[in-house]
Amino acid sequence: MSHVPVLPLPRRAARLAPVLPLVAVVALLGLPVAGDGAGPADAVSALAVGYCVILLLRERRRPLSPRAAVVLGLPVAGLAVAAMGAASPAAGLGGMARYLQVFVLVPAAVLVLLRGRADFRLLAWSFVGLALWQGAVGVHQYVTATGASYQGETVRAVGTFGAQDVMGMATAVALGVVCATGLALGRTPAWQRAAAAGCVAVLLVPLAVSFSRGAWIATALTCAVQLALAGLRRALKVGAAVVAAGVILVGGFGVGTAMLQERIDSITQVADAPDQSVVDRYTLWASAVGMWREQPLTGVGLKNFPEYRDGHATLALSSGSDIEGAGETYHKQALLSPHSMYLLVLSEQGLLGFCTLVGSWLALLVCAVRALGRARRDGSGLDCALIACGLLLWQLVDYVYGDIGGPSTVLTGVALGLTAWWGLTERAAGGAARRDTLPGRVEEAVAR
């Protein structure tokens with residue numbers, strides 16, 4: 001029996017060096033952030049982009065393949081036009097910088113820095129680690145009633161993101177579930193698959209007490225698709241184990257409360273007796289559509305939704321959402337976006353921005369699904385394929401109910417980068433099995 005040589009520890013550590021800035025971005029999202037502004041993770045993401053530039057200059061290689069440059073660069077055209085329509089140059093440049101960070105620069109940095117599936121898996125496990133940490137903080141908030149306010153009680157789990165970003169913990173935990181599901185369905189060692197499946201079951205608890213309907217829907221749909229793509233037999237085994245463990249944990253923690261049941265029932269109560277949050281959301285959606293109808297091609301300009309909102313909204317719109325708990329005193333938070341990424345882009349960037357941005361996402365999804373088919377045929381990298389497709393699918397579904405904003409937004413850029421690496425690199429297109437065993441990459445063969 002032949003043995004694959006294992007590299008000495010210093011060389012293995014050096015091999016992981018390029019991916020460590022990306023792991024740091026994810027890890028820093030576990031720290032509390034004051035307000036809605038940029039946090040440590042955003043600063044490190046900028047440093048990671050700068051590190052990419054230095055690395056490319058030192059290695060004298062082109063940053064992206066032509067296909068990757070086109071797919072990731074598509075949103076730039078729509079953003080540039082929309083930035084010129086902003087209320088002020090500062091608003092236009094600020095909005096454009098945020099979009100470029102999340103949808104262009106950070107994904108491109110991930111594409112450059114990842115060197116193989118071992119890096120991919122390390123970054124995926126960092127997503128799971130962040131989800132476990134944020135989930136632990138969130139469950140503690142729920143149990144001790146120290147979370148954000150929900151129906152007059154401070155029981156909503158928000159993790160370290162606080163009441164200003166109630167979707168932050170839900171996003172981090174949901175993406176961790178998606179990554180853990182992909183790892184559990186792959187062909188890695190049995191103990192890794194078992195650990196990943198256990199993480200999925202544990203993370204169901206904080207996801208439940210986040211009271212985020214959009215995250216529930218996106219996670220359930222994404223995990224169902226991942227199970228189906230992995231094969232019926234494996235899907236039934238893993239699905240049954242996760243459901244059984246989830247039922248035990250949810251029942252043991254007492255998560256199945258009347259408050260949670262009411263939140264679940266409210267998903268279907270959109271016509272009979274919707275709560276005020278649903279009324280506000282539909283009113284904001286109608287306002288966004290009205291803006292788009294006025295400026296169908298280019299929209300009203302970046303960050304101009306708040307300025308045009310009242311001119312298109314009905315009297316059913318409330319003055320804002322209530323913010324309290326998790327370290328925040330009671331106050332009203334203005335509703336400054338339509339809470340739908342698609343409608344936000346359509347209203348502010350028009351058809352030009354919508355087609356370029358969403359077109360970039362759909363192109364990424366097609367490339368990732370094609371690479372998944374190759375992974376199923378050659379029997380390697382299935383976990384990476386399921387994670388890559390799952391992360392983008394989750395985002396596409398969640399964007400029906402949410403949009404960018406808050407410190408957790410940078411996590412979206414890293415997730416899109418994982419999808420881009422799998423779908424757009426030559427390794428994902430079929431060269432992985434050969435290149436992973438070439439001299440200098442023998443550790444990649446161990447990770448397979």
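Residues numbered from 1 in each chain as written. Predicted model: local features only at pLDDT ≥ 70, side-chain atom pairs only at ≥ 80, totals over all residues. Heavy atoms only, no water.

Now for the overall build of the chain. Each helix and strand in the chain was counted, giving 19 helices and four strands. Every one of the 448 residues in the chain was classed for burial, and the buried ones make up 51%. Contacts in the chain between residues far apart in sequence, at least 24 positions, make up 77% of those at least 6 positions apart. Looking at the chain as shown, the accessible area adds up to about 19000 Å², and 67% of this sits on carbon and sulfur atoms. (Helix = DSSP H or I, 4+ residues; strand = E, 2+ residues; numbered from the N terminus. Buried < 20%, exposed > 50% of the residue type's maximum accessible area, 1.4 Å probe, protein only. Contact = heavy atoms within 4.5 Å. Areas by Shrake-Rupley, 256 points an atom, 1.4 Å probe, with all protein chains shown as cover.)

With that settled, the discussion passes to the packing of aromatic side chains. Inspection of the entire model under this criterion finds ten aromatic pairs. Look at Tyr142 and Phe211: their rings are 6.5 Å apart centre to centre, the planes differ by 50°, and that puts the pair in the tilted class. In this pair, Tyr142 sits in helix α7 (residues 117-144) while Phe211 sits in the loop between α9 (190-208) and α10 (213-230), placing the two residues 69 residues apart along the sequence. The two residues Tyr142 and Phe211 agree in class, both being buried. Ring plane angle 65° and centroid distance 6.4 Å describe the contact between Tyr342 and Phe354, whose orientation is recorded as edge-to-face. Using a relative accessible area of 18% as the deciding quantity, one classes Tyr342 as buried. Given the relative accessible area of 23%, Phe354 is considered partly exposed. In this structure an aromatic cluster arises from ring pairing among Tyr99, Phe103, Tyr342, Phe354, Trp361 and Tyr399. (Phe/Tyr/Trp six-rings, centres within 6.5 Å; stacked < 30°, edge-to-face > 60°.)

Once that is clear, we can look at helix α15 (residues 341-378). Spanning 38 residues, α15 covers only 37 Å between terminal C-alpha atoms, well under the ideal 56 Å at 1.5 Å per step. Along α15, the helix axis deviates most sharply at Gln349, where the bend reaches about 130°. (Expected span 1.5 Å × (residues − 1). Bend = angle between axes of the 7 residues up to and from the residue.)

Okay, the pattern of salt bridges next. Under the defined criterion, the tally for this structure stands at two salt bridges. The residue Asp42 makes a salt bridge to Arg98 at a minimum N-O spacing of 2.8 Å. Separated by 56 residues along the polypeptide, Asp42 in helix α3 (residues 40-59) and Arg98 in helix α6 (residues 89-113) bring together distant segments of the chain. With relative accessibility at 8%, the residue Asp42 sits in the buried group. (Salt bridge = Lys/Arg side-chain N within 4 Å of Asp/Glu carboxyl O.)

Here Ser212 lies in the loop between α9 and α10. At 3.3 Å, the side chain of Ser212 and the backbone nitrogen of Ala215 are in polar contact. Among residues more than four places away in sequence, those in contact with Ser212 are Arg156, Met167 and Ala170. (Polar contact = N/O pair within 3.5 Å; in protein donor to acceptor, adjacent residues only side chain to side chain.)

A surface patch of nonpolar side chains, amounting to about 250 Å² of accessible area, comprises Leu297, Leu351 and Leu352. Its place among the elements puts Leu352 in helix α15. With relative accessibility at 30%, the residue Leu352 sits in the partly exposed group. (Patch = residues over 30% accessible without salt bridge, like charges linked within 9 Å, V, L, I, M, F, W, Y side chains within 5 Å.)

The subject of this paragraph is the environment of Thr412. Summarising the element assignment, Thr412 is placed in helix α17 (residues 409-424). What makes Thr412 buried here is its relative accessible area of 6%. Taking the C-alpha atoms as reference points, Thr412 and Ala172, separated by 240 residues in sequence, lie 9.4 Å from one another. If sequence neighbours within four positions are ignored, Thr412 has contacts with Val102, Phe103, Gln395 and Tyr399.

Between helix α2 (residues 20-28) and α3, whose axes approach to 8 Å, the crossing angle comes to 170°. Judged by the angle between their axes, α2 and α3 are roughly antiparallel. Seen from α2, the contacting residues are Pro21, Leu22, Ala24, Val25 and Leu28; seen from α3, they are Pro40, Ala41, Val44, Ser45, Ala48 and Tyr51. (Axes fitted to C-alpha atoms, helices over the stretch in contact; angles between N-to-C directions. Parallel < 35°, antiparallel > 145°, perpendicular 65-115°, else oblique.)

To continue, consider the environment of Leu346. One can find Leu346 in helix α15. Taking relative accessible area as the criterion, Leu346 reaches 13% and is therefore assigned buried. As a C-alpha pair, Leu346 and Val289 span 57 residues in sequence and 7.8 Å in three-dimensional space. Apart from the residues within four sequence positions on either side, Leu346 is in contact with Trp292, Gly299, Leu351 and Phe354.

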